[in-house]
Amino acid sequence: MEIERKFLISELPFSLEDYPFHLIEQAYLNTSPVIRIRREDERFYLTYKSGGLMVREEYNLPLTREAYNHLLPKADGNIITKKRFLIPLNDTLTAELDCFLGAFEPLMLVEVEFSDEPSARLFSPPDWFGCEVTFSPAYHNSTLSAMSAAQLKAKAFLPVGSRPGKKE
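I will try to describe carefully the structure that is included in this document.

Rules behind the numbers
- Note that residues are indexed from 1 along each chain, following the sequence as it is written.
- Predicted model: local features are reported for residues with pLDDT of at least 70 only, side-chain atom pairs are reported and counted for 80 or more only, and whole-chain, interface and lining totals are derived from all residues.
- Side-chain measures here rest on the full set of heavy atoms in the structure, leaving out hydrogens and waters.
- Think of it this way: any DSSP run of H or I at least four residues long counts as a helix, any run of E at least two long counts as a strand, and we number them from the N terminus.
- We call a set of buried Ala, Val, Leu, Ile, Met, Phe, Trp, Tyr and Cys residues a nonpolar core when their side-chain atoms join them within 4.5 Å.
- The buried label goes to any residue with under 20% of its type's maximum accessible area, the exposed label to any with over 50%, and the partly exposed label to all in between, with areas taken from a 1.4 Å probe on protein chains only.
- Any pair of residues with heavy atoms lying within 4.5 Å of one another is described as a contacting pair.
- The residues that make up patches have over 30% relative accessible area and no salt bridge, and they are joined within 9 Å when like-charged or within 5 Å when they are Val, Leu, Ile, Met, Phe, Trp or Tyr.
- For accessible areas, the Shrake-Rupley method is used with a probe of radius 1.4 Å. Any residue's cover is judged against the shown protein chains and nothing else.
- Whenever Lys or Arg places a side-chain nitrogen within 4 Å of a carboxyl oxygen from Asp or Glu, that contact is recorded as a salt bridge.

Moving on: the environment of E11. Residue placement: E11 occurs in the loop between β1 (2-8) and β2 (21-31). E11 sits 85 residues away from E96 along the chain, and the two C-alpha atoms are 15 Å apart.

Shown next, in the form of structure tokens:
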């Protein structure tokens, strides 16, 4: 079970250089239900995610590098690449800050995973977290992977005021 809240980040009030990170590449074999392959540094996974927004079933199965490379050309849509920084919030919670690379740059999303729904609902985000997008499927990576070239060029994944050529 995955229980998480997700927020947009527009600006960071600190440097990321002191935080550990993972390099992630992921692609989608299916988006409903979500079936994803992921390379995280030198580890490889096949993931199934059920429908849902804050609470979803999630199963991760290990893959070999060879299996990942075999499946990658079979993926639909955009391959997503990002740097995931791990930023401790307290003794039990870690902010996973995704800084997207390539076509999705400069998108930044932060996720916080919880052990149960009451904890997730009671969470008060720090001031540097922006607009909450937990309940918006538009910010699921599977949705981003299905964007057209025109949407990517227009930076359709960014809030309106952040898009090139757009005014709030």
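This brings us to the nonpolar core. L97, V110 and F129 are the most contacted members of the largest nonpolar core, which totals 19 residues. Among the secondary structure elements, those contributing two or more residues to this core are β1, β7 (76-88), β8 (94-100) and β9 (108-113). Non-local contacts of F129, meaning those with residues more than four positions away in its chain, are made with F7, L8, I9, L89, A95, V110, V112 and F123. Core analysis: the second largest hydrophobic core is formed by 15 residues, L8, V34, L144 and L152 among them.

Moving on: a nonpolar patch on the surface. There is a patch of nonpolar side chains on the surface, built from F21, L23 and L101 and spanning about 230 Å² of accessible area. For L101, a relative accessible area of 32% puts it in the partly exposed group.

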